[in-house]
Amino acid sequence: MNFFIVLRKEITEQWRTKRLLIVAAVLVLFGLASPLLAKVTPDLLKSIPDMPPGLADLIPAPTLADAVGQYIKNMSQFGILLAVLMSMGVVTQEKERGTAAMMLTHPVSRLTFLLTKFAALGFTFAVSLAAAALGCWYYTLLLFEALPWGTFLALNGLMLIVFLVYVAVTLFCSALARTQGASAGLSFAGLVLVAGIGSVPRIGEYFPGQLFNWGGTLALGGEASNWPALWGSLGLIVISLTAAWLVFRHQET
Amino acid sequence: MDFSEIQQYIPFLIPVLIIQLALMIAALVDLIRREHTRGPKWVWALVIVLANYIGPIIYFVAGRKDE
Amino acid sequence: MIQVENLHKHYGAVHALDGLTMTVKPGVVYGFLGPNGAGKTTTLRILTGLARPTSGRASVAGIDLSSDGRALSRHIGYLPEEPAFYPWMTPREFLDYLGRLHGLSSTQRTARVKELLDLVNLAEAGKRRIGGFSRGMRQRLGFAAALVHRPEVLLLDEPVSALDPSGRKEVLDLIEGLREQCTVLMSSHILADVERVCNVVGIIAKGRMVVQSPREMLMERYAQPVFEADGEDPLAMKRWADLLKRQKWVAAVAVAGATVRVTANDVVLARHELMASAAAQELVLRRYEELRPSLEDVFLQLVETEAVK
């Protein structure tokens, strides 16, 4: 199958162009820093000089929930930003540079061309997130207590799906755009659009943003489920990739 | 003022610093081996070295130009 | 091998191709000539399946272009005007990757990659990153990339235009060496190159075929000889030119200083009469020559007549 031959090349590209390194470094940093920040923030606040004596006692002691909360907050911001940054040029760059035309005259279908890019970016984020989760889990163990690993894994799985939604939407923008600049503009518009609709009360229920809350509750041992958001997110990935293919299928590269 | 409580967390920062250093070195190696960058090379070298963490990332995302 | 019928390609109001028809028979090296903007690249891109015609039919190696594009890719090799590669790869890796895509086994790939790198003279650079390659090296690598799977049809878009004279000779020699192995369609606006390697020539202008014929026939049919004579005395030469203009067998006379250039209607008669006429005028000639026009003269003549229409 040519799919796997192309995928192998795409993953090698992720490695050689340092994309994998950047994503892993950023996510692992926040994986480690989140529990650490949660732990030291109260101490830092207490060490502020001239703090009224009564107020220092009011600062609550850090809890496991703070650690997980920090982790989710940082990942949602930087993970999504990276998903957009790493994906926005991938198709446009090949169109501009001429490598797309070069490859498409060999036995690489346009569908394979797009899907392998999605899969390779998915690989980058999955590997990086796994390393980040491991770091976060270990630091939380040292600084607080052991997180139940099953539900923590579920949290990270849900986060990965959120990242993949943004990768897919950005890939669509990249397939649509003719130039790198246009691709960047469209991609950030896409980011704002998906995040924006996600915060509209009723429709937002079906958007990826909800997955963070669900995962967070689960990781802390709470009961929660938000299947509409999961199906909505998976649907958004499928729709984005299909749209990307429809746009790219007849595009003259 | 009491920093002793905070000091005990310093060992936890070591892995973070290692990642930061690795990223910086990777960015510098890439910069040296590359023939063309967007903007002068020495500016990028400064950005990579002086801006912790963010510097190398900005370089990787925006500074590299196709040869 | 290649059949193109009444092909149209419109980009908005611009008609890049305006009813192009051409036939490339198996085994020929077809020179596709035309001024910049005549529609050469558009035609090649349609033949590779990268662009779609607005209307008309085309087939390559027996495959209709409106059908499956993937089947096509196994039969054609394409060298774009500016071949592009992944800068992080080495030539070895790139050719190996293409070999994989075309289903070659590991041992076949090793042999083929080595063979191709030797062919295009990149064996020494085989392990360097493509990112640092010069224009000429890229062109040669692109040539190797188009040949990985031994295609039946090779489509070359301006394969030598960007090269220096020695690189140009190398690539032309490569094309000449392929004559037995596959059908080649190469576009160019440099006529000397086409004259050197192509045995069939098609000339297009404004998206239409002006003339298509074996090179020899083209020269015979369109290339009327020109007679040129250098004299001693410009005034005497001018008088002679005026005299010649009145002869029936003379089509046109041009004078520049002491040089007279005569285009004949009847070449055989001209060969006899010109010298006799010069002798009768007691002219002293330093040089007298019958010139075979280059493809360039033919090309200009044809494109000009097309423009007049």
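Everything discussed here concerns the structure shown above.
What counts and what doesn't
Residues numbered from 1 in each chain as written. Chains lettered and ligands numbered in written order. Predicted model: local features only at pLDDT ≥ 70, side-chain atom pairs only at ≥ 80, totals over all residues. Heavy atoms only, no water. Pairing = 2+ DSSP bridges. Helix = DSSP H or I, 4+ residues; strand = E, 2+ residues; numbered from the N terminus. Axes fitted to C-alpha atoms, helices over the stretch in contact; angles between N-to-C directions. Contact = heavy atoms within 4.5 Å. Buried < 20%, exposed > 50% of the residue type's maximum accessible area, 1.4 Å probe, protein only. Phe/Tyr/Trp six-rings, centres within 6.5 Å; stacked < 30°, edge-to-face > 60°. Salt bridge = Lys/Arg side-chain N within 4 Å of Asp/Glu carboxyl O. Buried area = accessible area lost by both parts, 1.4 Å probe. Polar contact = N/O pair within 3.5 Å; in protein donor to acceptor, adjacent residues only side chain to side chain. Nonpolar A, V, L, I, M, F, W, Y, C, P; charged D, E, K, R; others polar. Core = buried A, V, L, I, M, F, W, Y, C linked by side-chain atoms within 4.5 Å.

Residues and elements named next belong to chain C. One open sheet accounts for 4 strands, arranged E12-E13-E11-E14; its pairing is antiparallel. Strand pairing shows two members of the sheet lacking a second neighbour, strand E12 (250-256) and strand E14 (285-291), which therefore form its edges. Neighbour-to-neighbour, the strand axes of the sheet open up by a mean angle of 15°, direction not taken into account. In the sheet, strand E11 (residues 226-231) pairs with strand E13 (residues 259-264) via 5 bridges, with the strands oriented antiparallel. Of the residues in E13, the one forming a bridge with Phe227 is Val262. Across the sheet, helix H9 (residues 234-245) lies against E11, E12, E13 and E14, angled at about 165° from E12, the strand it touches most. Of the strands in this sheet, E11, E13 and E14 are in contact with helix H10 (residues 267-280), which crosses E14 at around 175°.

Attention now moves to the pairing of E11 of chain C. All names here are of chain C. Taking burial as the measure, the 6 residues of E11 include 5 buried ones, the bulk of the element. In terms of strand pairing, E11 meets E14 through 6 bridges, oriented antiparallel. Paired with Gly231 across the two strands is Leu285, which belongs to E14.

Inspection of every chain in the model, using the stated rule, returns 15 aromatic pairs over all chains. Between Trp214 of chain A and Trp227 of chain A, the aromatic rings sit 5.1 Å apart at their centres with planes inclined by 75°, giving edge-to-face as the arrangement. With Trp214 of chain A in helix H10 (residues 210-219) and Trp227 of chain A in helix H11 (residues 227-249), this residue pair connects regions lying 13 residues apart in the sequence. The buried category is assigned to Trp214 of chain A, whose relative accessible area is 8%. Look at Tyr9 of chain B and Phe12 of chain B: their rings are 6.4 Å apart centre to centre, the planes differ by 50°, and that puts the pair in the tilted class. Of the residues examined, Tyr9 of chain B reaches a relative accessible area of 10% and is grouped as buried. Members of the aromatic cluster, joined through ring pairs, are Tyr139 of chain A together with Tyr9 and Phe12 of chain B.

Taken as a whole and assessed by the stated rule, the structure comprises 31 salt bridges over all chains. Linking Lys117 of chain A and Glu94 of chain A is a salt bridge whose minimum nitrogen-to-oxygen distance equals 2.9 Å. Of the two residues, Lys117 of chain A is situated in helix H7 (residues 110-143) and Glu94 of chain A in helix H5 (residues 90-97); the sequence distance between them amounts to 23 residues. Relative accessible area serves as the criterion here: at 3%, Lys117 of chain A is assigned to the buried category. Residue Arg150 of chain C pairs with Glu115 of chain C through a salt bridge whose shortest N-O separation is 3.6 Å. In this pair, Arg150 of chain C sits in the loop between helix H5 (135-147) and strand E7 (153-157) while Glu115 of chain C sits in helix H4 (residues 106-119), placing the two residues 35 residues apart along the sequence.

Moving on, we get to the sheet that holds strand E6 (residues 76-79) of chain C. Residues and elements named next belong to chain C. An order of E6-E7-E8-E3-E9-E10 is seen for the 6 strands of this open sheet, with the pairing classed as mixed. The sheet is open, and its two borders are formed by E6 and strand E10 (208-214), each paired with just one other strand. Taking the axes of each pair of neighbouring strands and ignoring which way they run, one obtains an average angle of 15° across the sheet. The pairing of strand E3 (residues 29-33) with strand E9 (residues 200-205) spans 4 bridges and is classified as parallel. Bridging from a neighbouring strand, Phe32 pairs with Gly202 of E9. Across the sheet, helix H1 (residues 40-48) lies against E3, E6, E7, strand E8 (183-188) and E9, angled at about 150° from E7, the strand it touches most.

It is common to give the size of an interface as the accessible area that goes away when the parts come together. Each partner contributes to the interface: chain C provides 29 residues, whereas chain A provides 27 residues. Summed over both sides, the interface of chain C with chain A buries roughly 2600 Å², with 61% coming from carbon and sulfur. Of all residues in chain C, Leu50, Tyr86 and Trp88 of chain C bury the most surface against chain A, accounting for 28% of the area lost on that side. Along the contact surface separating chain C from chain A lie 2 salt bridges. The partner of Glu252 of chain A in a salt bridge is Lys9 of chain C, and the shortest N-O contact between them spans 2.6 Å. Counting across the chain C and chain A interface gives 10 residue pairs in polar contact (both at pLDDT 80 or more). Every element with two or more residues in the side of chain C that touches chain A is listed here: strand E1 (2-11), H1, helix H2 (69-73), helix H3 (91-101) and H5 of chain C. Per-element tally for the side of chain C that touches chain A: the top contributor is H3 of chain C, with 6 residues. Of the residues assigned to the side of chain C that touches chain A, the class counts are 17 nonpolar, 5 polar and 7 charged.

Residue and element names in this part refer to chain C. By the secondary structure assignment, Gln212 is in strand E10. Apart from residues lying up to four places away in sequence, Gln212 is in contact with Met22, Thr23, Tyr30, Val201 and Gly202. A polar contact is formed between the side chain of Gln212 and the backbone nitrogen of Thr23, at a distance of 3.1 Å. A polar atom in the side chain of Gln212 sits 2.5 Å from the side chain of Tyr30.

Turning to its location among the elements, Pro40 of chain B is positioned in the loop between helix H2 (10-33) and helix H3 (41-50). For the pair Pro40 of chain B and Leu50 of chain B, spaced 10 residues apart in the sequence, the C-alpha separation amounts to 16 Å.

Of all hydrophobic cores here, the largest spans 172 residues; its most connected members are Tyr71 and Phe125 of chain A together with Phe94, Phe143, Ile175 and Leu185 of chain C. Of all the elements, helix H8 (residues 149-176) of chain A adds the most residues to this core, at 16 residues. For Phe125 of chain A, the contacting residues outside a window of four places in its chain are Val23, Leu27, Gly79, Leu82, Ala83, Met86, Leu160, Phe163 and Val167 of chain A. Among the nonpolar cores identified, the runner-up in size contains 19 residues, and Ala229, Ala236, Val250 and Val267 of chain C belong to it.

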